[in-house]
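As a plain string of letters, each chain reads:
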Amino acid sequence: MQLMDKKITRRRMSLILGGLGIASAHAQTSKPGISIHQEVDFKATPERLYQVLLDAKQFSAFTKDTAEIEPKPGGAFKLFGGRIQGRTVELVPNQRIVQAWRSAGWPAGVYSIVRFELIARGAGGRIVLDHAGFTEDKWAHLNEGWPLNYWEPLRKYLSM
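In this text the structure is predicted, and so the values were computed from the model without any measurement. (Residues numbered from 1 in each chain as written. Predicted model: local features only at pLDDT ≥ 70, side-chain atom pairs only at ≥ 80, totals over all residues. Heavy atoms only, no water.)

*Asks:* Account for the environment of R102, with residues named and values stated.
*Replies:* Examined against the element boundaries, R102 turns out to sit in strand β5 (residues 96-103). Taking relative accessible area as the criterion, R102 reaches 6% and is therefore assigned buried. Counting along the chain gives 16 residues from R102 to G86, while the straight-line C-alpha distance between them is 6.0 Å. Ignoring any residue separated from it by four or fewer positions in sequence, one finds R102 in contact with R83, I84, Q85, P107, A108, G109, V110 and Y111. Reaching out from R102, the side chain makes a polar contact with the backbone oxygen of W106 at a distance of 2.7 Å. Polar contacts involving the side chain of R102 include one to the main-chain carbonyl oxygen of V110, which spans 3.0 Å. (Helix = DSSP H or I, 4+ residues; strand = E, 2+ residues; numbered from the N terminus. Buried < 20%, exposed > 50% of the residue type's maximum accessible area, 1.4 Å probe, protein only. Contact = heavy atoms within 4.5 Å. Polar contact = N/O pair within 3.5 Å; in protein donor to acceptor, adjacent residues only side chain to side chain.)

*Asks:* Hey, could you go over unusual backbone geometry for me, with residue numbers and the actual values?
*Replies:* Keep in mind that most residues, glycine aside, have a negative phi and that most peptide bonds are trans. In this model, F80 sits at a positive phi of 55°, which is unusual for a non-glycine residue. Turning to its location among the elements, F80 is positioned in the loop between β3 (76-79) and β4 (84-92). Notably, N94 is not glycine yet its phi reads approximately 65°, a positive angle. Relative to the assigned elements, N94 resides in the loop between β4 and β5.

*Asks:* So what about the layout of surface pockets? Which residues, and what values?
*Replies:* Here the second largest pocket is characterised by a volume of approximately 260 Å³. Breaking the lining of the second largest pocket down by element, the ones donating at least two residues are β5 and α4 (139-158). With 6 residues, the single largest contributor to the lining of the second largest pocket is α4. Residue composition of the lining of the second largest pocket, grouped by class: 7 nonpolar, 4 polar and 2 charged. (1 Å grid on protein atoms, 1.4 Å probe; cavity = no way out; pocket = protein on both sides within 12 Å on 5 of 7 lines; lining within 4 Å. Points joined across faces, edges and corners; volume = space filled by probe spheres on them. Nonpolar A, V, L, I, M, F, W, Y, C, P; charged D, E, K, R; others polar.)

Set out below in structure tokens:
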């Protein structure tokens, strides 16, 4: 599934999630403008970053926790022992991963949108993360969680 532009409206998010079989998606759970934007450089190509983020065995290796990932649009995933779950909305090989993403502790049917843009930077690559569609009270926890649970362990894993 390809999105026509980078803006994911509430209506489009509801249509995407509904099309993936995710019932009662509550796109209205966040205030406009509440989002996370992070840019992180790695000594790995976009191709390598794409592989690690979508391969359950490699994801488990860098996070040191279980992962189940169906690496296809519409495919389900469970990360960190099931504490994070969702469906992949869009894949552009070696360039973009878009996921309907949720914490298992969130109310049923509530999803946010996570977008990983993978960009070549010299011999390495950059992940540009945009995470939106969550409530303001979750911002600090999520903003701190990306570096702690993704970027730092991923950097260590890729340098092995």
